[in-house]
Amino acid sequence: MGLIETIKEKAKLKLRTIVLPEPEDERVLKATEQVLKDKTANVVLIGNADTIKADAAKHGANIDGATIVDPKKFDNINKYIDELVELRKNKNLSRDEATEIMLNEPRFFGCMMVRLGDADGLVAGSNSPTADVLKAAIQVIKTAPGINTVSSTFIMETADGKFGDNGLILFADCAVIPEPNAEQLADIACATAATAASVVGLDPRVAMLSFSTKGSAAHPLVDKVQFACDILNERNVNFSFDGELQADAAIVESIGAKKAPGSKVAGKANILVFPDLQSGNIGYKLVQRFAGAEAHGPIVQGLNKPVNDLSRGCSVEDIANLVAITATQIK
Ligand SMILES: CC(C)(COP(=O)(O)OP(=O)(O)OC[C@H]1O[C@@H](n2cnc3c(N)ncnc32)[C@H](O)[C@@H]1OP(=O)(O)O)[C@@H](O)C(=O)NCCC(=O)NCCS
Ligand SMILES: CC(=O)OP(=O)(O)O
């Protein structure tokens with residue numbers, strides 16, 4: 001069984017409730033039909049019921065079985081508004097502003113459903129930039145206890161099975177932190193190792209990527225990655241990691257052996273931690289498009305409850321797959 005089939009089987013056992021706050025997007029309605037057919041989750045769509053049903057009929061999507069919640073007719077709206085005012089009191093958010101957000105910003109409303117236990121997780125981003133999804137999640141759901149950094153990972157699935165574990169390899173962070181410092185790079189490595197183990201079932205081998213391997217180049221950007229490795233050493237983490245490594249040294253056995261002899265990770269990494277968001281986001285999109293890799297994600301890490309983002313270029317299948325992944329992240 002492939003990765004997604006395995007994840008879908010796990011999701012079926014739990015049958016969690018996932019919010020899809022962007023039903024104005026045809027792909028979301030079609031993905032709703034798919035999820036309900038697969039029985040991988042219950043689906044909550046946010047918006048006006050008449051409009052959503054008319055759109056679904058227009059696009060030929062059967063959404064019977066989905067729950068539609070309209071914030072403008074929602075009995076508990078005052079509870080949601082009060083909670084947002086409380087959460088944002090340090091930012092002086094007024095009750096009027098909170099009301100406006102809860103009534104008109106479905107991603108915030110959906111995250112509040114998850115925060116208050118009316119749903120288990122949320123998937124959005126087909127129709128909004130990543131930053132909008134992340135802001136709602138960070139402001140409403142917040143980080144998990146003891147976690148400082150929200151980051152993300154893509155599970156990359158390559159058909160030829162050459163790299164990572166039989167073609168499975170995680171890329172991080174490709175969506176959240178534009179310029180991570182060394183501490184945040186170490187946090188990204190830890191969070192991605194945990195996702196690799198819990199969602200994909202991999203034994204993590206993390207390569208901390210750079211344009212230098214083991215001191216072959218000297219630059220403050222290289223120092224940052226080396227410092228992140230020092231932090232991981234100090235934390236005494238329970239997974240294999242090595243750095244700084246260039247991408248070829250990380251994934252090609254012969255090059256790893258030449259550039260980083262004796263490394264437990266070089267040549268066989270199944271997690272690539274990119275030094276910043278420019279390299280991470282560009283890197284995943286190039287592998288996805290040039291190599292025809294499936295890119296599952298971005299899976300958001302570090303939140304108190306699961307909210308996952310989509311690329312606006314996602315397919316119906318990508319949405320349905322991410323719903324199943326989200327369902328399996330729920331504790
Ligand atoms: C993630 C992102 C939206 C956060 O932006 P922001 O302006 O800091 O967001 P907010 O002001 O809503 O942040 C709310 C709080 O979360 C904190 N926060 C921001 N990013 C955080 C992160 N990655 N982890 C933990 N906390 C974070 C902020 O410091 C802020 O704290 P405060 O309320 O105590 O002041 C921003 O970093 C971003 O746009 N990232 C790039 C997304 C993107 O375009 N990706 C490319 C395409 S996938
Ligand atoms: C993850 C990502 O790059 O999202 P988008 O393509 O929507 O910017």
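Now for a quick tour of the structure. (Residues numbered from 1 in each chain as written. Chains lettered and ligands numbered in written order. Predicted model: local features only at pLDDT ≥ 70, side-chain atom pairs only at ≥ 80, totals over all residues. Heavy atoms only, no water.)

A few words on the overall build of the protein chain. Of regular secondary structure, the protein chain possesses 13 helices and 11 strands. For 331 residues, the compact-globule formula gives about 20 Å, and the C-alpha radius of gyration of the protein chain, at 21 Å, lands near that figure. For the C-alpha atoms alone, the extent of the protein chain along its principal axes is close to 65 × 45 × 30 Å. Expressed as a percentage of the 331 residues in the protein chain, the buried residues total 54%. The contacts of the protein chain with a sequence gap of at least 6 include a subset with a gap of at least 24, amounting to 71%. Computed over 36 positive and 43 negative side-chain charges, the inter-centroid distance for the protein chain is 2 Å. (Helix = DSSP H or I, 4+ residues; strand = E, 2+ residues; numbered from the N terminus. Rg over C-alpha atoms; globule rule 2.2 N^0.38 Å. Buried < 20%, exposed > 50% of the residue type's maximum accessible area, 1.4 Å probe, protein only. Contact = heavy atoms within 4.5 Å. Lys, Arg positive; Asp, Glu negative; His and termini not counted. Charge placed at Lys NZ, Arg CZ, Asp CG, Glu CD.)

Taken together, Thr130, Phe154, Asn281, Tyr284, Lys285, Pro298, Ser311 and Arg312 make up the full set of residues near ligand 2. Within the side chain of threonine 130, a nitrogen or oxygen atom sits 3.5 Å from an oxygen atom of ligand 2. In this structure, serine 311 approaches ligand 2 through a side-chain N or O atom, which is 2.7 Å from an oxygen atom. Protein chains bury 88% of the 260 Å² of accessible surface belonging to ligand 2 in isolation. Here the element with the most residues in the shell around ligand 2 is helix 12 (residues 277–290); it accounts for three residues. Taken together, the residues of the shell around ligand 2 break down into three nonpolar, three polar and two charged. (Near = heavy atom within 4 Å. Polar contact = N/O pair within 3.5 Å; in protein donor to acceptor, adjacent residues only side chain to side chain. Areas by Shrake-Rupley, 256 points an atom, 1.4 Å probe, with all protein chains shown as cover. Nonpolar A, V, L, I, M, F, W, Y, C, P; charged D, E, K, R; others polar.)

Quick look at the side chain of glutamine 246 now. Structurally, glutamine 246 is set in the loop between strand 8 (240–245) and helix 10 (247–251). Looking at glutamine 246, its side chain comes within polar contact range of the main-chain oxygen of phenylalanine 211, at 3.5 Å. Beyond its immediate sequence surroundings of up to four residues, glutamine 246 is in contact with Leu209, Ser210, Phe211, Ser212, Thr213, Ser216 and Lys259.

Another point: the pattern of salt bridges. Applying the stated criterion to the full structure yields 14 salt bridges. A salt bridge links glutamate 9 to lysine 12, with the nearest nitrogen and oxygen atoms 3.2 Å apart. With a gap of three residues between them, glutamate 9 and lysine 12 both fall in helix 1 (residues 3–14), about one helical turn apart. Of the charged contacts in the structure, one is a salt bridge between arginine 95 and aspartate 82, with a shortest N-O distance of 2.7 Å. Note that arginine 95 is positioned in helix 5 (residues 95–104) and aspartate 82 in helix 4 (residues 77–87), a separation of 13 residues in sequence. (Salt bridge = Lys/Arg side-chain N within 4 Å of Asp/Glu carboxyl O.)

With that out of the way, let us pick up the site of ligand 1. In the vicinity of ligand 1 there are 18 residues, among which Lys91, Gln139, Val150, Ala175 and Val176 approach most closely. A distance of 2.8 Å separates a nitrogen atom of ligand 1 from a polar backbone atom of valine 150. In this structure, alanine 175 approaches ligand 1 through a main-chain N or O atom, which is 2.9 Å from a nitrogen atom. Considering ligand 1 on its own, with 930 Å² of exposed area, one finds that the protein chains cover 59% of that surface. Listing elements by their share of the shell around ligand 1, those giving two or more residues are helix 7 (130–141) and helix 12. When residues of the shell around ligand 1 are assigned to their parent elements, the largest contribution, six residues, is made by helix 7. Here the residues of the shell around ligand 1 are counted per class, giving 10 nonpolar, five polar and three charged.

Before going further, it helps to examine the sheet that holds strand 11 (residues 307–309). The five strands lie next to each other as 3-2-1-4-11, forming an open sheet whose pairing is parallel. The strands lining the two open edges of the sheet, one partner per strand, are strand 3 (67–69) and strand 11. Taken over all neighbouring pairs, the strand axes of this sheet differ in orientation by 25° on average, direction set aside. On top of the sheet, helix 6 (residues 106–115) reaches strand 1 (16–20), strand 2 (41–46), strand 3, strand 4 (121–124) and strand 11; it is set at about 160° to strand 4, its chief contact. Relative to the sheet, helix 7 contacts strand 4 and strand 11, its axis offset from that of strand 11 by approximately 170°. (Pairing = 2+ DSSP bridges. Axes fitted to C-alpha atoms, helices over the stretch in contact; angles between N-to-C directions.)

With that settled, the discussion passes to the nonpolar core. Core analysis: the largest hydrophobic core is formed by 93 residues, its most contacted members being Leu45, Met102, Phe109, Met113, Val206 and Met208. Among the elements that make up this core, the one with the highest residue count is helix 8 (residues 182–200) (nine residues). Residues within four places of methionine 208 in sequence aside, it is in contact with Leu185, Ala189, Val225, Ala228, Cys229, Leu232, Asp242, Gly243, Glu244, Leu245 and Val273. Formed by 18 residues, the second largest nonpolar core is a distinct cluster that contains Phe171, Cys174, Leu272 and Tyr284. (Core = buried A, V, L, I, M, F, W, Y, C linked by side-chain atoms within 4.5 Å.)

The six strands lie next to each other as 8-7-9-6-5-10, forming an open sheet whose pairing is mixed. Two strands close off the open sheet at either side, each with one partner strand: strand 8 and strand 10 (294–301). Within the sheet, the average angular offset between the axes of one strand and its neighbour, ignoring direction, is 20°. Helix-sheet contacts for helix 8 involve strand 5 (151–157), strand 6 (168–172), strand 7 (205–209), strand 9 (271–273) and strand 10, and the interaxial angle to strand 6 is about 150°.

Okay, the packing of helix 5 against helix 6 next. One way to put it is that helix 5 packs onto helix 6 with a least axis distance of 5 Å and a crossing angle of 90°. By the angle class used here, helix 5 and helix 6 are roughly perpendicular. Between helix 5 and helix 6, the residues in contact are Ile101, Met102 and Asn104 and Pro106, Phe108, Phe109 and Met112, respectively. Taken together, the residues that form the contact of helix 5 with helix 6 break down as six nonpolar, one polar and no charged. (Parallel < 35°, antiparallel > 145°, perpendicular 65-115°, else oblique.)

It is worth stressing that arrangement in space is one thing and function is another; only the former is reported here.
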